[in-house]
Amino acid sequence: RSSQRSRRRSSSRSSSSSSQERRSFVQSGDTSSDAADSSDSASASFTGVWLLLNPEGQLPWMHVLTINGDDVIDGDGEPLKIVRGEGGATLAGGRLQLDGDMMYRIGKSGY
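Since the structure is predicted, the reported quantities are computational estimates derived from the model, not experimental observations. (Residues numbered from 1 in each chain as written. Predicted model: local features only at pLDDT ≥ 70, side-chain atom pairs only at ≥ 80, totals over all residues. Heavy atoms only, no water.)

1. Describing the nonpolar core
Across soluble globular proteins, nonpolar side chains have a tendency to be buried as a group.
Part 1 of the argument: Counting residues in each nonpolar core, the largest one holds 17 residues, and the members touching the most others are F46, L65, I67, I82 and M103.
Part 2 of the argument: When contributions to this core are tallied by element, the ones reaching two or more residues are strand 2 (48-52), strand 3 (64-68), strand 5 (79-85), strand 6 (88-91) and strand 7 (94-99).
Part 3 of the argument: Those residues within four positions of F46 in sequence are excluded, and the remaining contacts are S41, I67, I82, R84, A89, L96, Q97, L98 and M103. (Core = buried A, V, L, I, M, F, W, Y, C linked by side-chain atoms within 4.5 Å. Buried < 20%, exposed > 50% of the residue type's maximum accessible area, 1.4 Å probe, protein only. Helix = DSSP H or I, 4+ residues; strand = E, 2+ residues; numbered from the N terminus. Contact = heavy atoms within 4.5 Å.)

2. Quick notes on the sheet that holds strand 5
Part 1 of the argument: In spatial order, the strands read 1-2-3-4-5-6-7-8; together these eight strands close into a barrel with antiparallel pairing. Going across the sheet, the axis of each strand differs from the next one's by a mean of 35 degrees, ignoring polarity.
Part 2 of the argument: The pairing of strand 1 (residues 22-27) with strand 8 (residues 102-106) spans five bridges and is antiparallel. From the neighbouring strand, R22 faces strand 8, where its bridge partner is I106. (Pairing = 2+ DSSP bridges. Axes fitted to C-alpha atoms, helices over the stretch in contact; angles between N-to-C directions.)

3. What to know about the environment of V49
Part 1 of the argument: Summarising the element assignment, V49 is placed in strand 2.
Part 2 of the argument: Distance from V49 to S28, taken between C-alpha atoms, is 5.5 Å for residues 21 residues apart in sequence.
Part 3 of the argument: Beyond its immediate sequence surroundings of up to four residues, V49 is in contact with V26, Q27, S28, V64, L65 and T66.

4. Overview of the pairing of strand 6
Part 1 of the argument: With four bridges connecting them, strand 5 and strand 6 associate as antiparallel partners. Bridged to G85 within strand 6 is G88.
Part 2 of the argument: Hairpin connection of strand 5 to strand 6: two residues between the antiparallel strands.
Part 3 of the argument: Looking at chain direction, strand 6 and strand 7 are connected through two bridges and run antiparallel. Of the residues in strand 7, the one forming a bridge with L91 is G94.

5. Side note on the pairing of strand 2
In regular strands, side chains alternate between the two faces of the sheet.
Part 1 of the argument: Residues G48, W50 and L52 line the buried face of strand 2, whereas the alternating positions V49 and L51 sit on a face that is not buried.
Part 2 of the argument: Of the strand pairs in this sheet, strand 1 and strand 2 are connected by three bridges, and their pairing is antiparallel. Paired with Q27 across the two strands is W50, which belongs to strand 2.
Part 3 of the argument: Bridging between strand 2 and strand 3 involves four bridges; their strand directions are antiparallel. Along strand 3, the bridge assignment pairs W50 with L65.

Below is the structure:
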């Protein structure tokens, strides 16, 4: 039963996102993490608690992301992993990017 719920969540996460949509997050609390301008998201540190700026209409799992290294706890309390590769860092199929104190998750395909 747990695996069915997990599959449904994964499916709803990927199917509800537009491949071009850009979501903006701001870091909560202590902003002394390694977050900085980074065009190389494959080596960037996303560690921190990130709050979605405009959560209306978005799935609850994305409202808050707690990141420690490549380990993520989403807004539903479920664990996720940041995947790093030649194309940069991705989370649940969306490309992650840092710009100062902002983090962006761009589309489900990363484009």
